[in-house]
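The primary structure of each chain is shown beneath.
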Amino acid sequence: MALTNNDIFKKLRVALQLRDDEIIEICKLVEFQVSKSELGAIFRKPDHPKYMECGDQFLRNFLNGLVIHKRGPMPPKK
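Overview of the structure. In this text, all values refer to a predicted model and were calculated from it rather than measured experimentally. (Residues numbered from 1 in each chain as written. Predicted model: local features only at pLDDT ≥ 70, side-chain atom pairs only at ≥ 80, totals over all residues. Heavy atoms only, no water.)

**Some words on helix H2 (residues 20-28)**
Note on helix geometry: an α-helix contains 3.6 residues per turn, so any two residues three or four positions apart are oriented the same way.
Point 1. Listing the buried residues of H2 in full gives Ile-23, Ile-24, Ile-26 and Cys-27. Looking straight down H2, one finds that the buried residues subtend no more than 160 degrees of arc, so they occupy a single side.
Point 2. Residues of H2 that are buried in the fold lie against helix H1 (5-15), helix H3 (36-42) and helix H4 (56-71). (Buried < 20%, exposed > 50% of the residue type's maximum accessible area, 1.4 Å probe, protein only. Helix = DSSP H or I, 4+ residues; strand = E, 2+ residues; numbered from the N terminus. Arc of directions from axis to C-beta. Contact = heavy atoms within 4.5 Å.)

**Topic: the packing of H1 against H4**
What describes two packed helices is the angle between their axes and the distance between those same axes.
Point 1. Viewed as axis vectors pointing N to C, H1 and H4 meet at an angle of 25 degrees, and their least axial separation amounts to 10 Å. Relative to H4, the element H1 is oriented roughly parallel. Like other packed secondary-structure pairs, H1 and H4 cross with a definite hand, here left-handed. On the side of H1, the interface is formed by Asn-5, Ile-8, Phe-9 and Leu-12, while H4 contributes Asp-56, Phe-58, Leu-59, Phe-62 and Leu-63. (Axes fitted to C-alpha atoms, helices over the stretch in contact; angles between N-to-C directions. Parallel < 35°, antiparallel > 145°, perpendicular 65-115°, else oblique. Left-handed = near helix turned anticlockwise from the far one by under 90°.)

**Section: H4**
Point 1. Along its 16 residues, H4 runs 22 Å from first to last C-alpha, staying within 8% of the 22 Å computed at 1.5 Å per residue.
Point 2. Its buried side turned inward, H4 meets H1, H2 and H3.
Point 3. Positive backbone phi, approximately 95 degrees, marks Gly-72, located one or two places after H4. (Expected span 1.5 Å × (residues − 1).)

**Focus: unusual backbone geometry**
Point 1. Unlike most non-glycine residues, Gln-17 shows phi in positive territory, near 55 degrees.
Point 2. Among the secondary structure elements, Gln-17 is positioned in the loop between H1 and H2.
Point 3. Judged by its relative accessible area of 68%, Gln-17 is exposed.
Point 4. A positive phi is found at Glu-31, a non-glycine position, where the angle reads about 55 degrees.

Take a look at the structure:
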């Protein structure tokens, strides 16, 4: 069985010990708006009525924000 974006996002959240408010701040670093209710829907089980699939764009923006969060902003090119 292949991992879904939701599975990857959940595993990153647990491994990095991130809270919802920290994830929201990380997403803001790349000007991507996400609400706590959206995060709650993504982290639900797939059979839950309020479950939301984590799309490629959502995961990509989170990962780009995470790079900035961990390394800092990219220095300007000369």
